[in-house]
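Observations on the three-dimensional arrangement
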There are 4 protein chains.
Amino acid sequence: MFLKKIRSEGLAQLSYIIGDGGKAAVIDPRRDCGIYRDIADREGMQITHIFETHRNEDFVIGSCELADLTGAAIYHGEELPFEYGRTAREDDVYEFGNIVLRVVKTPGHTDESISLVLIDREFSDQPLAVFTGDALFIGDVGRTDFFPDRSKEVAGFLYDSIFEKLLPLGDHVLLYPAHGAGSVCGSGMASREFSSIGYERQFNPALQVKDRSDFIQRKTSEKHYYPPYFKQMEKYNLAGPPHMGALRRPVPSAAGEFASDMDRGLLSLDTRSPEAYSGAFIPGSLAIPLDMIPVYAGWFIPYDRDIGLIIHEFTDVEPAVRYLTRLGYENIISYLDEGLHGWEVSGRHYDRIPAVYAGDLKSRMDGNQEFTLLDVRKAEEVSAGRLPGSTHIYLGEVPERLDEIPRDKPIITFCGSGRRAIIAASILKQNGFEDVQNCLGSMAACQAVGCSIRSD
Amino acid sequence: MFLKKIRSEGLAQLSYIIGDGGKAAVIDPRRDCGIYRDIADREGMQITHIFETHRNEDFVIGSCELADLTGAAIYHGEELPFEYGRTAREDDVYEFGNIVLRVVKTPGHTDESISLVLIDREFSDQPLAVFTGDALFIGDVGRTDFFPDRSKEVAGFLYDSIFEKLLPLGDHVLLYPAHGAGSVCGSGMASREFSSIGYERQFNPALQVKDRSDFIQRKTSEKHYYPPYFKQMEKYNLAGPPHMGALRRPVPSAAGEFASDMDRGLLSLDTRSPEAYSGAFIPGSLAIPLDMIPVYAGWFIPYDRDIGLIIHEFTDVEPAVRYLTRLGYENIISYLDEGLHGWEVSGRHYDRIPAVYAGDLKSRMDGNQEFTLLDVRKAEEVSAGRLPGSTHIYLGEVPERLDEIPRDKPIITFCGSGRRAIIAASILKQNGFEDVQNCLGSMAACQAVGCSIRSD
Amino acid sequence: MFLKKIRSEGLAQLSYIIGDGGKAAVIDPRRDCGIYRDIADREGMQITHIFETHRNEDFVIGSCELADLTGAAIYHGEELPFEYGRTAREDDVYEFGNIVLRVVKTPGHTDESISLVLIDREFSDQPLAVFTGDALFIGDVGRTDFFPDRSKEVAGFLYDSIFEKLLPLGDHVLLYPAHGAGSVCGSGMASREFSSIGYERQFNPALQVKDRSDFIQRKTSEKHYYPPYFKQMEKYNLAGPPHMGALRRPVPSAAGEFASDMDRGLLSLDTRSPEAYSGAFIPGSLAIPLDMIPVYAGWFIPYDRDIGLIIHEFTDVEPAVRYLTRLGYENIISYLDEGLHGWEVSGRHYDRIPAVYAGDLKSRMDGNQEFTLLDVRKAEEVSAGRLPGSTHIYLGEVPERLDEIPRDKPIITFCGSGRRAIIAASILKQNGFEDVQNCLGSMAACQAVGCSIRSD
Amino acid sequence: MFLKKIRSEGLAQLSYIIGDGGKAAVIDPRRDCGIYRDIADREGMQITHIFETHRNEDFVIGSCELADLTGAAIYHGEELPFEYGRTAREDDVYEFGNIVLRVVKTPGHTDESISLVLIDREFSDQPLAVFTGDALFIGDVGRTDFFPDRSKEVAGFLYDSIFEKLLPLGDHVLLYPAHGAGSVCGSGMASREFSSIGYERQFNPALQVKDRSDFIQRKTSEKHYYPPYFKQMEKYNLAGPPHMGALRRPVPSAAGEFASDMDRGLLSLDTRSPEAYSGAFIPGSLAIPLDMIPVYAGWFIPYDRDIGLIIHEFTDVEPAVRYLTRLGYENIISYLDEGLHGWEVSGRHYDRIPAVYAGDLKSRMDGNQEFTLLDVRKAEEVSAGRLPGSTHIYLGEVPERLDEIPRDKPIITFCGSGRRAIIAASILKQNGFEDVQNCLGSMAACQAVGCSIRSD
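The rules behind these values
- Residues numbered from 1 in each chain as written.
- Chains lettered and ligands numbered in written order.
- Predicted model: local features only at pLDDT ≥ 70, side-chain atom pairs only at ≥ 80, totals over all residues.
- Heavy atoms only, no water.
- Least-squares fit on C-alpha atoms with pLDDT ≥ 70 in both.
- Contact = heavy atoms within 4.5 Å.
- Pairing = 2+ DSSP bridges.
- Helix = DSSP H or I, 4+ residues; strand = E, 2+ residues; numbered from the N terminus.
- Axes fitted to C-alpha atoms, helices over the stretch in contact; angles between N-to-C directions.
- Parallel < 35°, antiparallel > 145°, perpendicular 65-115°, else oblique.
- Left-handed = near helix turned anticlockwise from the far one by under 90°.
- Nonpolar A, V, L, I, M, F, W, Y, C, P; charged D, E, K, R; others polar.
- Core = buried A, V, L, I, M, F, W, Y, C linked by side-chain atoms within 4.5 Å.
- Buried < 20%, exposed > 50% of the residue type's maximum accessible area, 1.4 Å probe, protein only.
- Domains from an automatic or database assignment.
- Buried area = accessible area lost by both parts, 1.4 Å probe.
- Salt bridge = Lys/Arg side-chain N within 4 Å of Asp/Glu carboxyl O.
- Polar contact = N/O pair within 3.5 Å; in protein donor to acceptor, adjacent residues only side chain to side chain.
- Lys, Arg positive; Asp, Glu negative; His and termini not counted.
- Right-handed = clockwise from strand over helix to strand, strands pointing away.

**Some thoughts on the relation of the copies chain A and chain C**
Expressed as a screw transformation, the operator carrying chain A onto chain C has a rotation angle of 180° and an axial translation of 0.0 Å, and the superposed copies differ by an RMSD of 0.0 Å. Both copies of the chain, as the preceding transformation shows, are related through a two-fold rotation axis. With an isologous cut-off of 70% or more, the 96% of interface residues of chain A that recur at the interface of chain C puts this contact in the isologous class.

**As for the sheet that holds strand 1 (residues 2–8) of chain B**
Each strand in a sheet pairs with its neighbour through backbone hydrogen bonds, running either in the same direction (parallel) or in the opposite one (antiparallel). All names here are of chain B. Strands sit in the order 1-2-3-4-5-6 across an open sheet of 6 strands; the sheet is mixed. A single partner strand is all that each edge strand has here, and the edge strands are strand 1 and strand 6 (86–87). Across 5 bridges, strand 2 (residues 13–20) lies against strand 3 (residues 23–27) in antiparallel orientation. When the bridges of strand 3 are listed, Ile17 appears paired with Val26.

**As for the packing of helix 9 (residues 293–300) of chain A against helix 10 (residues 317–326) of chain A**
Helix-helix packing is characterised by the crossing angle of the two axes and by the distance between the axes. Residue and element names in this part refer to chain A. It is at 9 Å that the axes of helix 9 and helix 10 come closest, and there the two elements cross at 60°. Taken as axis vectors, helix 9 and helix 10 run oblique relative to one another. Of the two elements, helix 9 crosses helix 10, and the hand of that crossing is right-handed. Across from Ile293, Pro294 and Ala297 in helix 9, the residues of helix 10 making contact are Ala320, Tyr323 and Leu324. Taken together, the residues of the contact of helix 9 with helix 10 break down into 6 nonpolar, no polar and no charged.

**Some thoughts on the nonpolar core**
When a protein is soluble and globular, its nonpolar side chains tend to lie buried together. Leu101, Leu118 and Ile162 of chain C together with Leu101 and Leu118 of chain D are the most contacted members of the largest nonpolar core, which has 101 residues in total. When near neighbours in sequence (up to four residues on either side) are disregarded, Ile162 of chain C contacts Ala135, Leu136, Val141, Leu167, Pro168, Leu207 and Phe215 of chain C. By size, the runner-up hydrophobic cluster in this structure holds 100 residues, among which are Tyr159 and Leu174 of chain A together with Leu118 and Tyr159 of chain B.

**Some details on the domain arrangement of chain A**
Residue and element names in this part refer to chain A. The domain architecture assigned to chain A consists of domain 1 (2–239), domain 2 (251–345) and domain 3 (355–449). The gap between the C-alpha centroids of domain 2 and domain 3 is 24 Å. Summing the contributions of domain 2 and of domain 3, the shared interface buries around 1,400 Å²; its carbon and sulfur component is 72%. In terms of surface lost to domain 3, no three residues of domain 2 exceed Pro274, Tyr296 and Phe300, which account for 35% of the buried area on that side. On the surface where domain 2 and domain 3 come into contact, there are 1 salt bridge. A salt bridge links Arg419 to Asp291, with the nearest nitrogen and oxygen atoms 2.5 Å apart. Per element, the largest residue contribution to the side of domain 2 that touches domain 3 is 4 residues, and it comes from helix 8 (residues 274–279).

**Side note on the side chain of Lys105 of chain C**
Residue and element names in this part refer to chain C. Looking at the element boundaries, Lys105 is found in strand 8 (residues 99–105). By relative accessible area, which is 19% here, Lys105 ends up buried. Among the polar contacts made by the side chain of Lys105, one reaches the side chain of Glu78 at a distance of 2.8 Å. The contacts of Lys105, once residues within four sequence positions are left out, are Glu78, Glu79, Glu90, Ser113, Ile114, Ser161 and Lys165.

**With respect to the interface of chain A and chain C**
At the junction of the two partners, chain A supplies 23 residues and chain C supplies 22 residues. Together, the buried faces of chain A and chain C total about 1,800 Å²; carbon and sulfur atoms form 45% of this surface. It is Asp41, Arg248 and Arg249 of chain A in chain A that bury the most area against chain C; as a group they hold 30% of the surface buried on that side. The tally of links from chain A across to chain C stands at 4 salt bridges. The closest approach of N and O atoms between Arg249 of chain A and Asp38 of chain C, which form a salt bridge, is 2.9 Å. Applying the counting rule to chain A against chain C returns 4 residue pairs in polar contact (both at pLDDT 80 or more). If you list the elements that add at least two residues to the side of chain A that touches chain C, you get helix 1 (34–42), helix 2 (63–70) and strand 12 (251–253) of chain A. Residues that form the side of chain A that touches chain C fall into these classes: 10 nonpolar, 5 polar and 8 charged.

**A few points about the interface of chain A and chain D**
Facing 33 residues of chain A, the contacting portion of chain D comprises 33 residues. Here chain A and chain D share an interface that buries about 2,500 Å² over both sides, 58% of which is from carbon and sulfur atoms. Contact with chain D buries area across many residues of chain A, yet Glu275, Tyr350 and Tyr357 of chain A alone supply 23% of it, more than any other trio. For the pair chain A and chain D, the interface holds 0 salt bridges. At the boundary of chain A and chain D, one finds 10 residue pairs in polar contact (both at pLDDT 80 or more).

**Some thoughts on the side chain of Glu344 of chain C**
Checked against the element boundaries, Glu344 of chain C lands in helix 11 (residues 339–345). Although Glu344 of chain C lies buried, it forms no salt bridge, and the closest oppositely charged side chain, Arg272 of chain C, sits 5.8 Å away as judged by the N-O distance. In this structure Glu344 of chain C touches Glu275, Leu440, Gly441 and Ala445 of chain B together with Ala280 and Tyr350 of chain C, once residues within four positions along its chain are discounted.

**A closer look at the pairing of strand 10 (residues 127–133) of chain D**
All names here are of chain D. Most of strand 10 sits inside the fold, with 7 of its 7 residues counted as buried. The sheet contact formed by strand 9 (residues 114–120) and strand 10 spans 4 bridges and is antiparallel. Each bridged residue has a counterpart across the sheet, and for Leu116 the counterpart in strand 10 is Phe131. Where strand 9 folds back onto strand 10 in an antiparallel hairpin, the turn is made up of 6 residues. Crossover strand 10 to strand 11 (residues 174–177) through helix 3 (residues 151–166) is right-handed.

**A word on the environment of Phe82 of chain B**
All names here are of chain B. Tracing the chain through its elements places Phe82 in the loop between strand 5 (73–76) and strand 6. Taking the C-alpha atoms as reference points, Phe82 and Asn237, separated by 155 residues in sequence, lie 8.0 Å from one another. If near-sequence neighbours (up to four positions away) are discounted, Phe82 is found in contact with Glu52, Arg55, His76, Gly77, Glu112, Asn237 and Leu238.

**Overview of the sheet that holds strand 19 (residues 391–392) of chain C**
Residues and elements named next belong to chain C. Taken in spatial order, the 4 strands make up an open sheet running 19-18-20-21, and their pairing is parallel. Each of the sheet's edge strands pairs with one partner strand only, and the pair in question is strand 19 and strand 21 (436–438). Summarising the sheet, strand 18 (residues 372–375) and strand 20 (residues 411–414) pair through 4 bridges and their orientation is parallel. Its bridge partner being in strand 20, Asp375 is matched across the sheet by Phe414.

**Notes on unusual backbone geometry**
For Glu338 of chain B, which is not glycine, the phi dihedral falls at a positive 65°. Mapped onto the secondary structure, Glu338 of chain B falls in the loop between strand 17 (332–336) and helix 11 (339–345). The phi dihedral of Ser442 of chain C falls on the positive side, at around 40°, and the residue is not glycine. Along the chain, the position of Ser442 of chain C falls in helix 15 (residues 442–449). Among the residues examined, Ser442 of chain C registers a relative accessible area of 0% and is labelled buried.

See below:
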């Protein structure tokens with residue numbers, strides 16, 4: 001029996017390929033799906049089945065393209081009108097050599113969510129492991145905020161799925177969820193990516209509830225953000241997204257050409273580090289450090305604009321394109337040749353965002369200097385501890401709440417460590433704010449230097 | 001928390017690197033130990049601890065070289081006079097960020113065997129997983145035949161280790177053993193490499209015993225083979241083996257040069273497929289197909305002879321050297337340039353071993369033709385089913401039992417599928433047997449074509 | 001200035017990517033054309049031009065697919081009605097940073113052949129190098145046998161192209177041809193892949209002629225073979241071949257399934273070594289050792305049959321598919337799972353082709369044993385030296401001249417080293433010849449063991 | 001015949017491996033010499049000879065380690081008392097299959113310099129190519145400034161070597177020098193890495209001289225910089241440098257630990273981009289952007305201090321170590337974990353160097369603002385064009401000429417593009433200069449924005 005977890009960095013999405021006897025199934029394939037075929041080839045297996053545990057909303061699924069490449073059949077739950085694939089129903093079983101996969105409906109996160117119970121017939125017909133999709137994570141459970149008018153109902157569904165169907169599989173059963181730490185699909189997940197039903201039953205904080213009502217109460221009081229790109233992902237994943245196939249890759253673009261393209265509407269996406277962006281950036285560009293693209297690009301980049309990349313070095317082009325493509329962006333046409341250096345030597349204007357050391361921030365606050373400290377963290381982080389006098393607007397909401405920010409005094413952007421804050425700073429600059437600074441280190445550094453901190 | 005299993009193909013040996021907070025431990029590193037450092041580097045971790053669950057006997061351990069490369073400290077059990085490293089005692093704990101590793105003594109396979117219990121302090125101080133070395137495998141338990149005069153005692157130790165110490169850790173605890181299917185350290189292991197204590201408790205055949213006596217009874221009645229190289233491995237692993245460091249790699253050797261070297265005592269090791277060896281081979285060469293080296297080379301190759309390789313193509317040199325080096329061979333000086341083709345065009349003599357199709361074998365047996373059918377499988381396989389009239393000598397014992405094989409009639413070598421049989425055939429040819437044939441397909445094919453089969 | 005030669009193994013085809021100032025040209029791209037894009041990406045260049053020095057006949061060109069991937073324009077000579085691309089005319093120039101490429105018409109091999117003169121404007125406007133396609137090779141010149149009724153005319157064209165246009169570029173000019181040693185496009189090419197116009201002028205044997213007539217005389221007296229697939233390649237390369245795009249890869253096929261597919265018409269292509277094929281092969285399969293596919297598959301495999309591969313190990317699938325795809329085969333649907341071993345253990349029948357050592361062959365000939373020695377080398381090789389009494393049929397012509405071979409006595413196939421002979425042996429076996437043996441080592445070994453050899 | 005050029009990035013050093021008939025020679029191997037063995041292995045060749053065209057002064061040679069790994073013999077010229085290897089004398093020949101390498105003494109750059117003439121006996125006994133070391137480059141000739149008191153003599157030697165020995169080999173002879181564009185061993189080299197004797201004879205600017213005196217006159221009037229590390233390299237390369245063998249790699253070091261180590265004398269080397277350094281840097285750290293290490297590290301880093309790296313991301317550790325090791329640094333003990341981000345969140349102080357846009361610089365100059373514009377380019381660049389009022393100190397000389405720079409007004413560092421200037425800026429900051437800014441874009445940008453420029 002062969003089992004391999006494939007982790008999509010940034011998304012923190014976990015997909016699986018499992019096989020035996022020359023046949024294999026893939027569970028929740030990501031859009032850049034060549035990797036599953038490569039693994040199957042190497043292991044001498046033919047991919048015959050693809051399972052989607054649910055319609056994912058945080059990335060574009062690769063099922064359709066993988067099915068075309070391999071001839072495999074796609075299966076998903078029955079409660080959504082998918083325009084492709086077949087329906088997997090409760091207790092349906094699929095066999096691969098000694099492997100049996102059995103369908104268990106586990107709604108709550110979404111209505112059509114399924115889990116797949118794995119049985120190794122060579123040893124027993126009892127469950128060995130379970131693929132739980134977004135129902136049960138390691139250290140957390142799935143979000144239940146997607147149906148605001150049915151919030152208690154779906155939280156109850158999730159309770160039933162976990163407590164009535166998954167936990168009863170047995171303490172010994174291994175757990176394979178669809179996401180790990182860093183995903184937008186949950187905030188309490190463990191950094192560790194292995195666990196068992198029994199370990200979660202005892203130690204997963206989200207499962208330490210008094211009863212069903214307590215669980216529902218907790219779930220419905222959670223505060224989640226719902227980024228705009230989820231809608232696009234849902235549309236794609238219901239209809240079957242376009243193939244990545246032989247997409248044209250972005251080509252190098254000299255500074256002059258890049259500048260002209262920006263004048264004509266090119267969205268200039270700067271993927272360099274916060275420090276590099278602070279040091280020098282092209283006016284009008286949006287800062288999203290490379291590894292933050294999977295989580296934040298979908299908040300700020302519309303689907304109808306051409307994208308030009310500003311990168312630290314050429315090897316960053318490939319992951320940037322990969323991350324963006326997983327979110328459904330397909331119009332990445334160019335990257336700035338020689339990066340910012342190419343722009344600098346062309347004599348074109350660049351700007352900078354002074355970095356504010358936490359110690360200096362403390363002095364300025366102690367000295368009652370006049371400035372806006374714009375904290376862009378999540379509400380729950382702000383509740384847990386904030387600098388007095390700070391203004392809170394969640395990063396994803398900055399573009400639509402710009403008029404809440406005064407333009408007549410300096411702004412210092414602020415978050416947990418200074419990384420989200422650089423995105424906010426770039427958006428302010430795009431929108432004409434002049435005196436924008438960024439606190440590299442932010443809350444972590446403020447704690448270290450002894451700033452006074454308030455919590456709710 | 002980072003955990004990665006490193007599988008050494010052929011040996012079916014499983015080692016692990018686990019880390020958190022920038023520090024990492026390696027458990028049972030293999031001799032070609034660069035991989036651990038590469039992984040640690042990539043993950044931004046420093047390897048500070050190396051654990052040996054026991055003195056391994058089936059491969060050369062990489063602890064000492066890895067320690068030199070990284071500055072890490074080595075730990076092992078206390079019952080053997082290791083000439084390097086430190087002693088890990090019951091309940092000793094080692095911490096890496098949120099990880100705790102706790103030592104549990106689990107003798108039986110060897111006296112100094114230890115297991116390491118893994119705890120994730122971020123969630124609980126209860127066990128999450130356990131590294132069991134050669135005490136408890138997935139689908140099997142460790143061998144207890146290394147101390148023939150204490151056989152019941154050590155089998156009892158193993159029972160106690162498993163039933164009193166490992167199983168009580170809890171059904172939910174994940175299991176990480178030191179070997180998987182294909183290892184010489186057990187024959188019943190699952191092809192699957194993931195399990196939990198609870199799954200094994202219920203479904204591991206070796207654990208389905210009535211009581212301690214039943215367990216001891218079963219273990220002491222097992223028949224294991226003890227290859228001669230185990231002694232060399234034990235010596236190496238007690239003293240700390242020489243570093244692989246910058247070993248000279250084998251160089252290409254033209255046919256003439258290779259022939260001269262063979263005249264001067266070079267051991268010519270043919271790693272090609274059984275079919276290719278059957279088609280044409282150099283007289284005097286020993287056949288061990290590439291992927292069988294880890295298991296069989298130690299039976300037939302003395303440590304004091306230079307080795308020359310005959311390979312299918314250049315890319316086979318690297319794994320051949322790797323496999324041999326893991327077994328302690330360091331004198332692989334050359335490979336035949338252009339492989340057998342180079343030999344053929346030089347006009348040098350080659351021989352062949354006709355392949356006998358199972359259908360033809362059946363006809364010959366039905367026709368009462370005179371020949372020796374030499375079955376080289378393990379005793380337990382022969383007991384389970386053999387062709388009538390066959391002669392049984394286990395492959396590893398062929399060299400010392402040659403005089404039991406008649407030289408005056410044809411010999412057909414035979415095993416489960418024809419692969420071990422080609423090794424036997426080459427040994428017979430080396431020793432002057434003239435009419436040697438090999439049944440490619442062997443028992444598997446004989447069953448398919450309907451040969452009559454006897455079992456005990 | 002960036003220049004890289006890309007060698008396609010097997011075809012011995014040389015393509016080039018050359019660029020400067022962020023733009024690049026590719027000359028004669030092969031069908032699996034991703035490599036050019038990868039290189040261009042890494043070097044920060046955009047591929048804007050693709051040149052075909054002529055309509056290639058020995059492989060499928062990748063121009064159209066590469067153009068689609070990059071947006072580049074394709075250019076070729078004007079004397080053929082290409083269904084894609086643009087026309088490059090004498091003295092047309094193309095500029096890339098400091099690079100100038102200038103077109104020189106160099107007909108002879110084909111009418112529309114062009115060469116491209118490279119100039120480095122940073123240093124001089126004089127030629128630095130020249131891409132000569134199939135006009136001038138290192139150590140040889142192009143074939144002129146494609147227009148039998150115009151043979152003298154086109155040989156004369158080639159003379160003019162070389163002596164009037166290429167050599168006058170200057171001794172110092174570097175030479176970049178479209179093929180190297182091993183290509184079917186010439187037999188005298190140097191193994192070395194670097195030279196200059198001056199070195200070739202002085203030392204290329206094909207250029208050491210008295211005059212134009214002498215050159216024409218020599219060229220028209222050459223004997224070349226014209227394999228049937230050339231027609232398919234010419235058709236493809238004139239019209240623009242289908243994209244490789246996201247072709248389905250072959251999947252593993254268990255022995256039973258593979259056997260059924262063979263019954264239904266699957267062409268079973270055995271790519272293992274001659275020795276392995278000799279040792280055991282599936283009746284009905286065609287032997288073409290992996291690295292001989294580029295040169296010989298086109299002689300024997302029709303374009304309308306599904307192909308199933310028999311491979312030594314999984315990693316051979318990829319090159320086998322690559323080689324076949326370059327020749328226009330796109331119907332490689334499966335490979336035999338676990339290779340011949342899988343077939344053997346299934347109990348299915350296999351056959352073998354005994355290898356005949358040259359020393360034994362000599363004995364048999366000296367002893368006047370009755371057999372057919374079938375020599376499948378090229379006419380020119382046979383003229384240079386043959387064993388007395390041998391029958392000559394060129395390998396490519398064996399299928400259509402089977403009735404010239406007696407079926408009532410043993411056949412020993414024979415070539416230069418035994419590799420082409422195994423292909424011939426497999427074809428004889430496919431066609432019902434029973435007693436077929438193969439001389440591994442063949443002529444090379446016969447010379448070494450002192451067989452008597454005759455030449456014309 | 002096999003020939004491959006290996007380019008060492010940064011050093012722009014070119015080494016070669018050439019072989020035939022299973023034997024190979026390596027010319028001027030770099031210190032990280034595994035690559036030659038890997039290539040030889042892949043090509044089925046044994047490295048038997050290593051040639052050093054001269055005692056290199058700009059990097060540590062890998063000859064001794066490669067010799068140990070392969071058993072090859074080392075050869076070099078006879079005029080220096082090398083402590084290893086053998087002597088190659090005029091007209092000595094070495095044969096590898098059809099290859100002949102013939103020694104030609106070509107002093108001038110150094111006294112013991114040799115060139116190696118390549119002959120392909122399969123075609124001719126006349127020269128095909130020549131490996132010229134540092135005698136003749138593509139577009140330039142070797143430096144002759146290493147013996148100041150013999151400057152005319154050695155320039156004359158170089159003239160004789162080139163005009164009497166290399167050019168007479170023939171226009172058709174291919175040229176393989178030891179350096180390409182970007183090397184400290186010459187400033188006029190072509191970006192192109194292929195040429196012929198004939199092309200250089202006609203178009204190499206350094207060869208377009210009236211006569212021997214003219215050549216000597218030109219060479220002796222060149223201004224070269226002689227960095228301090230050359231002495232160390234010469235010592236190493238004369239005695240045979242220590243093996244890289246199994247050097248310990250740097251380990252991650254948390255911010256606190258890194259800070260302590262800096263307090264104890266660790267040299268903190270920041271290899272990030274100029275923009276990132278501008279944005280935020282650790283006080284006391286030396287900025288050398290990663291790809292500038294090969295050329296500039298040797299000027300500023302003493303051999304007796306431990307080095308800690310500050311890197312953009314983990315993958316930069318390997319090239320940083322490689323570059324430093326090639327220059328003889330072996331004490332790179334750590335890298336800052338999580339890079340500058342790790343430092344920022346620890347609450348430790350960081351500083352920044354404001355970037356000055358060329359347009360702003362122009363305004364400041366036009367407005368007669370008071371500041372020092374410190375131009376750190378080479379004298380020849382400054383002569384060709386400088387901003388009025390600038391102060392010139394060559395980058396390599398900044399540390400020893402600090403007292404020429406006023407401390408009482410702002411300093412703007414300046415070079416060709418802003419990259420060397422960031423190194424200078426970091427050195428000023430290390431030495432207590434407070435108001436340091438850097439002109440990203442520097443002269444290139446100033447030209448683009450229309451600053452007034454003066455030349456000598």
